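Spelled out, the chains give:
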Amino acid sequence: MMDLRELYLEVIIDHNNHPRNHRMIENASRQAVGFNPLCGDKLTVYLQIENDVIKDISFLGCGCAISQASASLMTEALQSKTLTEAHEIFDHFHQMLTRDTVVPPLSIDKLTVLAGVRMFPARVKCATLAWHTLDAAIKKETVTISTE
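Scope of this entry: the structure provided in the associated data block. What you see is a predicted model; the values in this text were computed from it and never measured. By convention here, each chain's residues receive numbers from 1 onward along its written sequence. Totals for whole chains, interfaces and linings use all residues, but because this is a predicted model, local features are given only for residues with pLDDT of at least 70 and pairs of side-chain atoms are given and counted only at 80 or more. Based on all heavy atoms of the structure, the side-chain values leave hydrogens and waters out of the count.

## Quick word on the packing of aromatic side chains
One pair of aromatic rings is described through two measures. These are the centre distance and the angle between the planes.
Working step 1: Two rings from Phe, Tyr or Trp (for Trp, the six-membered ring) form a pair when their centres sit within 6.5 Å of each other. Planes less than 30 degrees apart are called stacked, planes more than 60 degrees apart edge-to-face, and all others tilted. Scanning all chains against the criterion turns up two aromatic pairs.
Working step 2: Seen from their ring centres, Phe90 and Trp131 are 6.4 Å apart, and the 35° between their planes marks the pair as tilted. Highlighted residues: Phe90 in helix H3 (residues 83–98) and Trp131 in helix H4 (residues 121–138), separated in sequence by 41 residues. The burial state of Phe90 is the same as that of Trp131; both residues are buried.
Working step 3: Their ring planes at 20° and their centres at 4.5 Å tell us that Phe93 and Trp131 sit as a pair that is stacked. Taken as a pair, Phe93 in helix H3 and Trp131 in helix H4 lie far apart in primary sequence, 38 residues in all. Strands here are runs of E lasting at least two residues and helices are runs of H or I lasting at least four, both read from the DSSP assignment and numbered beginning at the N terminus. In this scheme, a residue with accessible area under 20% of its type's maximum is buried, one over 50% is exposed, and one in between is partly exposed, where area comes from a 1.4 Å probe on protein chains only.

This is the structure in structure tokens:
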């Protein structure tokens, strides 16, 4: 079990130190800003959506390792997904971090490295910030999303 935790920690550290899709999309069709006042995490999620498919997704921001790794992993997981698929992945990810019961299986691959965050309730907000910001971008909400 310790080897698995070490592997998960390595993935989180790698995505924090070398975030994927950490850039602005110049002609984003949608974007939203998220802020976690407890930890100081702040990010903007950018989307290029065509025919209800996420053609491009990125983020810019700063914050703790968990928030940055979660945003990076999210962008990889949702690239080329339909909005329906993105919503299903969001729901599964959120349940994985907030419920004690086992959620129905859904292939979320690398996102499971963040499952251990559930044991640290204050850090769940860090891990879900990018996802709630993504949801706001999809819904074209203009208010800054807060985890409080």
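## What to know about the pairing of strand E2 (residues 41–50)
Working step 1: In terms of burial, E2 is largely enclosed, as eight of its ten residues are buried.
Working step 2: Two strands pair under a simple rule: DSSP has to find at least two bridges between them. Where strand E1 (residues 30–36) meets E2, seven bridges bridge the pair, whose relative direction is antiparallel. What sits directly across from Phe35, in E2, is Lys42.
Working step 3: A loop of four residues connects E1 with E2, the two strands running antiparallel in sequence, and Gly40 in this loop sits at a positive phi of about 90°.
Working step 4: Of the pairings in the sheet, the one linking E2 to strand E3 (residues 53–62) comprises nine bridges and is antiparallel in character. Counterpart to Gln48 in the pairing with E3 is Asp56.

## Here's the deal with the packing of helix H2 (residues 65–78) against H4
Working step 1: To define axes, lines are fitted to C-alpha atoms, for helices over the stretch in contact only, and angles between the resulting N-to-C directions are given on a 0 to 180 degree scale. It is at 8 Å that the axes of H2 and H4 come closest, and there the two elements cross at 40°. Taken together, the axes of H2 and H4 lie oblique to each other. Once H2 is placed against H4, the crossing between them reads as right-handed. Residues Ile66, Ser67, Ser70, Ala71, Met74 and Leu78 of H2 form the contact with H4, whose participating residues are Arg123, Cys126, Ala127, Ala130, Trp131 and Leu134.
Working step 2: Each residue belonging to the contact of H2 with H4 can be placed in one class, and the counts come to nine nonpolar, two polar and one charged. By the definition adopted for this analysis, an angle is roughly parallel if under 35 degrees, roughly antiparallel if over 145, roughly perpendicular if from 65 to 115, and oblique otherwise. Crossing chirality is assigned from the near helix's rotation relative to the far helix, an anticlockwise turn below a right angle marking it left-handed and a clockwise turn marking it right-handed. Two residues qualify as a contact provided that any one of their heavy atoms is within 4.5 Å of a heavy atom in the partner residue. Side-chain classes are defined by residue name, with Ala, Val, Leu, Ile, Met, Phe, Trp, Tyr, Cys and Pro counting as nonpolar, Asp, Glu, Lys and Arg as charged, and the others, Gly among them, as polar.

None of this, on its own, says anything about what the molecule does.
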